[in-house]
Each structure stands twice: as C-alpha cells, then as structure tokens.
Amino acid sequence: MARAVNKVEASGTAHLVAALAKALREQQQLSQEELGRKIGYTGSAVSAMETCAQPASDKMLVKLEEALGGGLGVFQKARRWMLLEKYPARFRGFSELEAGAVTICSYETLVVDGLFQTEEYARALIGGSYPPVSEQKREELVEARLARRALFERDPAPMVELILEEGVLKRPFGSWEVLRGQLRSLAEDARRDNVCVQVLPMDRGLRGTHAGDRGAMKLVETREHEHVVYMEIEDQGILISDPPEVSQLAHRYAKIRAQALSPDDSLDLIERLAGEER
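Residues numbered from 1 in each chain as written. Predicted model: local features only at pLDDT ≥ 70, side-chain atom pairs only at ≥ 80, totals over all residues. Heavy atoms only, no water.

J.: Explain the pattern of salt bridges here, please?
T.: When the charged atoms of two side chains with opposite charge come close together, those side chains can pair. Counted according to the given criterion, the structure contains 18 salt bridges. The partner of E153 in a salt bridge is R192, and the shortest N-O contact between them spans 3.1 Å. With E153 in the loop between α9 (135-147) and β2 (159-165) and R192 in the loop between α10 (176-190) and β3 (195-200), the pair connects residues that are 39 residues apart, well separated along the chain. For E153, a relative accessible area of 58% corresponds to the exposed category. Its relative accessible area of 25% is what places R192 among the partly exposed residues. (Salt bridge = Lys/Arg side-chain N within 4 Å of Asp/Glu carboxyl O. Helix = DSSP H or I, 4+ residues; strand = E, 2+ residues; numbered from the N terminus. Buried < 20%, exposed > 50% of the residue type's maximum accessible area, 1.4 Å probe, protein only.)

Encoded structure:
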C-alpha cells in the first residue's frame, strides 16, 4: 500500500529520473539485477525506482550518475531538484535562498534549527510530529534536512548565526541520548570559523525585557545582498522582503542577540548540558 501511495505522490522530477534511468539501462542492455550490482542495490530496488514505488534517494542518484550518466551529469543535476521537492511546500522557496545565502541569522524558540540537526534528532522530531507521516515520507524529509548541511562546506562559506532559547537545549526528542548527541554536534558546529551560536537564557524575562517573545525567525542576506526574513506559523511559511518590515525585524533580532549569552558562555553551557546524564 505504501509503495502504491508513493507512485501517486512521486514528483515530476522523480518520474523523469525513473524514465531516464530505465532508458539508459536498456540502451546499455543491462537488466535491473545487473544495474543493481553495478550501483550496490538489489534488482528489486532498481525496479522500485523505475516505477517510482521507491523514488531514487540522493545516494542512488550519485551511483546512477557513475553507472549510467555517461559524462552528461543529468543525474547529478537531478539531485538538487529531487531534494528540493522533498521539502514541505512552505519551505521550498526559502531553501533556495538559504542554499545561496551570504549570511544566515536564525532565532529558534522550540527546536534546534534544521540546519544544525543531527540525523537522530531530525528523525525523532519528524517522526513524532502531527499529523503523522509515513515512514517513507519521514525518511525523505530527514534526507532533505541533512542535505542542507552541505551549506557549511560551501566555498565561499556563508556566515551563520544561531540563537537558541535555553529551553531548546533541555527539550528531548526520542530520548535523552538523542538530545545529548544533538548538543555535542551543536558544540562542534559552534566551533566553525563561520558559525556563531548563542543561547538566550531562560530567565531573561526577569530582567524586564525579552525581545524574542514574538517567536522564531530567520534573516538571510542573498547573493545579490538583498535581505529577506522567513517565518513559519502553523505550517505556513512566510517570506518578507519589504525593506521597512525587514528592517524592523532585523532590529528585533539584533536586540535578541544582545540579550543572549556570549558565544563562549553559550558554548560552555551547551557542553555542560551535553555531558549531563539523565
């Protein structure tokens, strides 16, 4: 049943990749089993890919390029679009901006920013969401989310700022060990030259002001040095590009950053929490 649903829900890119892979396989007079052996998959997996019962994963696309691409790069080019179509519709527009951004500033109040999530944390978070998603859809979303981390290795690397509410560091998904692994990974990312991670203390409101009381946001500077703000509210993605509105939100973000712990103190807190046994 799940695979029948996959065939119906498969994207246009998935169908194009399937048709192209089948045509090139047949042109090279390879059976599904023979192609499977060349790329490290079973013949059944190749069949599922060609019928879109199980669309090609990013790893399979890499192998298909090596085995069938013939130097054309078609499967390599398809990787971008396959990953893009795995994102929720509300996020696709922003994902393109994020991938090419010069600067990314994120303030998160409930969960670790998706760009920084580990595989285990992302799987627990997505798997426990509501309404629930199928196992196949969960794995697609996890794969797409992890693919965003390629941005850290991009050349030139963007400047990335992350401000997290302290409560995020104490909120487990899946298990306490999943959270500890996430915190250890976050600490490693915080040491990157192009990354700054800060924590907004839980008791900030006791000082009389709390600039982050209106929720999460992301500020992006594009390749063209335009500034855009992205926010999500109950499964609705909102992109704001009007300069006066962006300016106001940028000022709010700057205030949140000023109220947060320093990067060094934040890293000390993250590492301490990562080492706590529960």
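J.: I'm lost on the environment of H227 in this one. Help?
T.: Topologically, H227 is positioned in strand β5 (residues 227-233). The partly exposed category is assigned to H227, whose relative accessible area is 46%. Sequence separation between H227 and S44 is 183 residues, and the spatial gap between their C-alpha atoms is 47 Å. In this structure H227 touches V220, E221, I240, S241 and V246, once residues within four positions along its chain are discounted. (Contact = heavy atoms within 4.5 Å.)

J.: Got a minute to help me understand the nonpolar core in this structure?
T.: When a protein is soluble and globular, its nonpolar side chains tend to lie buried together. In terms of nonpolar packing, the biggest core is built from 35 residues, with F116, V160, L169, L183, L186, V197 and I270 touching the most fellow members. If you list the elements that add at least two residues to this core, you get α7 (89-99), α8 (119-127), β2, α10, β3 and α12 (263-274). No other element matches the six residues that α10 contributes to this core. Residues in contact with V160, not counting those within four places in the same chain, are I104, L115, F116, L151, F152, N194, V195 and C196. Of all hydrophobic cores here, the second largest spans 21 residues; its members include A14, V17, L24 and A56. (Core = buried A, V, L, I, M, F, W, Y, C linked by side-chain atoms within 4.5 Å.)

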